[in-house]
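Given next are the chains, with one letter for each unit.
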Amino acid sequence: MTDDPALDTLFLPFDTEALAWPADGRALFLGARAGAALSEHASPALACEQSVRQHATALEQAGLTVSPAVEGRFPLVLVLPPRQREAARTLLARALDQAEPGAAVVVCLANTDGARSIEEDLVRLAGPVESLSKNRCRVFWVRPQDGAGDLALRAEWALLDAPRPVAEGRFLSRPGLFAWDRIDPGSALLAAHLPADLKGHGADLGSGFGTLSAAILERCPEVTALDLYDAEARALDLARRNLAPLAGQAALDFLWHDVAGGLAPGRRYHFIVTNPPFHDGGRADRHDLGRAFIAAAAAGLKPKGRLWLVANRHLPYEATLEKAFTMVRSVVEDGPYKVIEAAKGVR
């Protein structure tokens with residue numbers, strides 16, 4: 001099994017000569033990820049769309065052109081859809097819209113991520129497909145023609161991941177984001193226990209569409225600046241919109257950033273809040289992600305700076321916190337969640 005079996009399998013039609021790469025090298029890669037299989041086929045004319053910072057960085061390091069959003073039509077469109085069904089359907093519709101007449105649209109997923117279902121979705125949109133299987137993944141492709149397929153369904157699916165109101169209209173969110181259709185209960189618990197005396201320059205690590213930051217701005221009048229960090233550009237775009245009514249209360253900055261690699265150089269904070277991720281798109285827990293967020297917070301806090309963190313109770317973060325901070329206390333445990341405060345230079 002390869003490190004990225006879906007990426008490797010995506011190129012199987014080209015390796016078997018079932019498909020040919022465009023002569024001019026022009027292609028669009030939606031949901032692009034870097035890897036050896038891509039390097040074998042990539043050219044300067046390949047346009048990579050990737051809204052997740054760590055994947056975008058890897059593509060940039062491979063010398064590829066990458067953007068959170070790419071427009072235009074191409075003679076080849078490659079797609080690695082997300083697991084979330086509505087977001088995946090939107091990506092299929094976009095791939096067909098951005099394919100030139102006669103262009104191949106090539107899609108790949110792991111079998112356990114719903115490959116068969118997404119293949120059936122593509123058939124519904126564009127007609128019969130060809131397919132191959134390898135690495136416990138399935139790659140399938142179609143050559144759509146202008147005017148062919150179910151255009152009404154394509155137009156409907158193109159809007160499935162559009163921003164929409166959630167939490168009784170308080171926030172805008174969209175499918176494909178973490179806890180996209182609600183306020184995450186862990187974040188809600190942390191928001192309910194944040195003290196009103198937070199002040200100065202703070203940061204929200206893994207801010208999502210801005211629920212914790214909104215709670216800070218609404219509750220803490222002495223906060224002068226707040227930096228929102230998130231690896232997902234689409235989440236930050238919504239956070240900008242969600243916090244616009246509160247923008248006059250503090251200076252806001254929105255950072256498309258992989259917190260696991262540390263915080264923005266030169267920035268130090270009086271306080272940090274976080275609901276750190278413990279998955280990276282897979283199903284297994286990634287305890288290292290939460291530990292990396294804690295390490296980044298410890299390095300980014302000023303002396304006596306405070307960290308407020310919420311996590312699932314089963315996640316073993318206490319030892320990491322006690323090594324990085326001089327004061328660690330449990331604030332509350334409620335159902336599957338725990339809220340912890342930690343501070344530097346305080347006992």
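Quick look at the overall build of the protein now. In terms of helices and strands, the protein carries 12 helices and 16 strands. Computed over C-alpha atoms, the radius of gyration of the protein comes to 22 Å, within 12% of the 20 Å expected from 2.2 N^0.38 for 347 residues, which places it in the range of a compact globule. Dimensions along the principal axes, computed over C-alpha positions, put the protein at roughly 65 × 40 × 35 Å. Sequence-distant contacts, at least 24 apart, represent 67% of the contacts inside the protein between residues at least 6 apart. Element-wise, carbon and sulfur atoms account for 51% of the exposed surface of the protein, whose accessible area totals about 15,300 Å². Taking the average place of the 38 positive charges on the side chains of the protein and the average place of its 43 negative ones, the gap between the two points comes to 5 Å.

Our focus in this paragraph is the pattern of salt bridges. Overall, the coordinates contain 24 salt bridges when judged by the stated rule. Residue D121 pairs with R89 through a salt bridge whose shortest N-O separation is 3.0 Å. Note that D121 is positioned in helix α6 (residues 115-126) and R89 in helix α5 (residues 85-97), a separation of 32 residues in sequence. According to the relative accessible area criterion, R89 is buried, its value standing at 19%. Note that D227 and R267 form a salt bridge whose closest N and O atoms lie 2.9 Å from each other. Taken together, the positions of D227 in strand β11 (residues 223-230) and R267 in the loop between β12 (251-256) and β13 (269-274) put the pair 40 residues apart, joining distant regions of the chain. Accessibility expressed as a relative area gives 29% for R267, which makes it partly exposed.

Now for the packing of aromatic side chains. All told, the structure shown has 5 aromatic pairs when counted by the stated rule. Seen from their ring centres, F14 and W21 are 5.1 Å apart, and the 65° between their planes marks the pair as edge-to-face. A relative accessible area of 8% means that F14 is categorised as buried. When the ring of Y229 is compared with that of Y269, the centres are 6.3 Å apart and the planes differ by 80°; the resulting orientation is edge-to-face. One end of the pair, Y229, is in strand β11; the other, Y269, is in strand β13, with 40 residues separating them in the sequence. Y269 shares its class with Y229; the two are buried. Aromatic ring contacts, followed pair by pair, group F11, F14 and W21 into a single cluster. It is R53 that lies over the ring of W256; its NZ or CZ is 4.1 Å from the centre. Against the face of F171 rests R170, its NZ or CZ located 4.3 Å from the ring centre.

Conventions adopted
Residues numbered from 1 in each chain as written. Predicted model: local features only at pLDDT ≥ 70, side-chain atom pairs only at ≥ 80, totals over all residues. Heavy atoms only, no water. Helix = DSSP H or I, 4+ residues; strand = E, 2+ residues; numbered from the N terminus. Rg over C-alpha atoms; globule rule 2.2 N^0.38 Å. Contact = heavy atoms within 4.5 Å. Areas by Shrake-Rupley, 256 points an atom, 1.4 Å probe, with all protein chains shown as cover. Lys, Arg positive; Asp, Glu negative; His and termini not counted. Charge placed at Lys NZ, Arg CZ, Asp CG, Glu CD. Salt bridge = Lys/Arg side-chain N within 4 Å of Asp/Glu carboxyl O. Buried < 20%, exposed > 50% of the residue type's maximum accessible area, 1.4 Å probe, protein only. Phe/Tyr/Trp six-rings, centres within 6.5 Å; stacked < 30°, edge-to-face > 60°. Lys NZ or Arg CZ within 6 Å of the ring centre and 35° of its normal.

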